[in-house]
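# Overview (structure and organization)
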Amino acid sequence: MEKEKLHPEYDIYIDIAKEDIHLLIYLVEAEAHIMNVRKRQENGYFKIIVPAGLVDEALTLLNSLKNSDIKVEVISIEPHNGII
């Protein structure tokens, strides 16, 4: 599926412990231009904005953390709604 044509960006909501967020940000910043880490949302999940063409790479990175001390669970992937 050509996600870029449907929506230019997607929001990935993850469940992550508050104390692990800073480690996630360090890792994401090392992978330049894949994700834009935002903040914990009202629903308690942490929001990451990803360009459509990099959703698979972002999910690979997030899922690779399952084998580390950082416990991350991808909750949902939705078209970006324009709200940061």
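Coordinates for the structure precede this section.
Residues numbered from 1 in each chain as written. Predicted model: local features only at pLDDT ≥ 70, side-chain atom pairs only at ≥ 80, totals over all residues. Heavy atoms only, no water.

## Comments concerning the overall build of the chain
The helix and strand inventory of the chain stands at three helices and four strands. Start at the N end of the chain and walk to the C end: the helices and strands fall as α-β-α-β-β-α-β. Relative to the globule expectation of 12 Å for 84 residues, the C-alpha radius of gyration of the chain, 12 Å, shows essentially globular dimensions. Burial status across the chain gives 37% buried among its 84 residues. Put simply, of all contacts in the chain between residues at least 6 apart along the chain, 69% involve residues at least 24 apart. When the accessible surface of the chain is split by element, carbon and sulfur atoms take 52% of a total near 5,400 Å². For the chain, the separation between the mean place of its 9 positive charges and that of its 15 negative charges on side chains is 4 Å. (Helix = DSSP H or I, 4+ residues; strand = E, 2+ residues; numbered from the N terminus. Rg over C-alpha atoms; globule rule 2.2 N^0.38 Å. Buried < 20%, exposed > 50% of the residue type's maximum accessible area, 1.4 Å probe, protein only. Contact = heavy atoms within 4.5 Å. Areas by Shrake-Rupley, 256 points an atom, 1.4 Å probe, with all protein chains shown as cover. Lys, Arg positive; Asp, Glu negative; His and termini not counted. Charge placed at Lys NZ, Arg CZ, Asp CG, Glu CD.)

## A word on helix α2 (residues 21-30)
Those residues of α2 lying buried are Ile21, Leu24 and Val28. Buried residues along α2 cover an arc of 55° about the axis, so they all sit on one side. Seen from the buried face of α2, the exposed residues on the opposite side, beyond 90 degrees, are Tyr26, Glu29 and Ala30. Buried residues belonging to α2 abut β1 (9-16), β2 (36-40), β3 (46-51) and α3 (55-64). (Arc of directions from axis to C-beta.)

## A closer look at the side chain of His80
Along the chain, His80 falls in the segment after β4 (72-79). Discounting chain neighbours no more than four positions away, the residues touching His80 are Glu9, Tyr10, Asp11, Lys47 and Ile49.

## Digging into the pattern of salt bridges
According to the stated counting rule, one finds one salt bridge in the structure shown. Notably, a salt bridge pairs Asp11 with Lys47, separated by 3.5 Å at the nearest N-O pair. Placement of Asp11 in strand β1 and of Lys47 in strand β3 is noted, with a sequence separation of 36 residues between them. (Salt bridge = Lys/Arg side-chain N within 4 Å of Asp/Glu carboxyl O.)

## Digging into the environment of Ala52
Among the secondary structure elements, Ala52 is positioned in the loop between β3 and α3. Taking the C-alpha atoms as reference points, Ala52 and Pro8, 44 residues apart in sequence, are found 5.2 Å from one another.

## A look at the environment of Glu78
Within the secondary structure layout, Glu78 lies in strand β4. The spacing of Glu78 and Tyr10 is 68 residues in sequence and 5.5 Å in space, taken between C-alpha atoms. Setting aside anything within four residues of it in sequence, one finds Glu78 in contact with Tyr10, Asp11 and Tyr13. In terms of polar contacts, Glu78 uses its side chain to reach the side chain of Ser76, at 3.1 Å. (Polar contact = N/O pair within 3.5 Å; in protein donor to acceptor, adjacent residues only side chain to side chain.)

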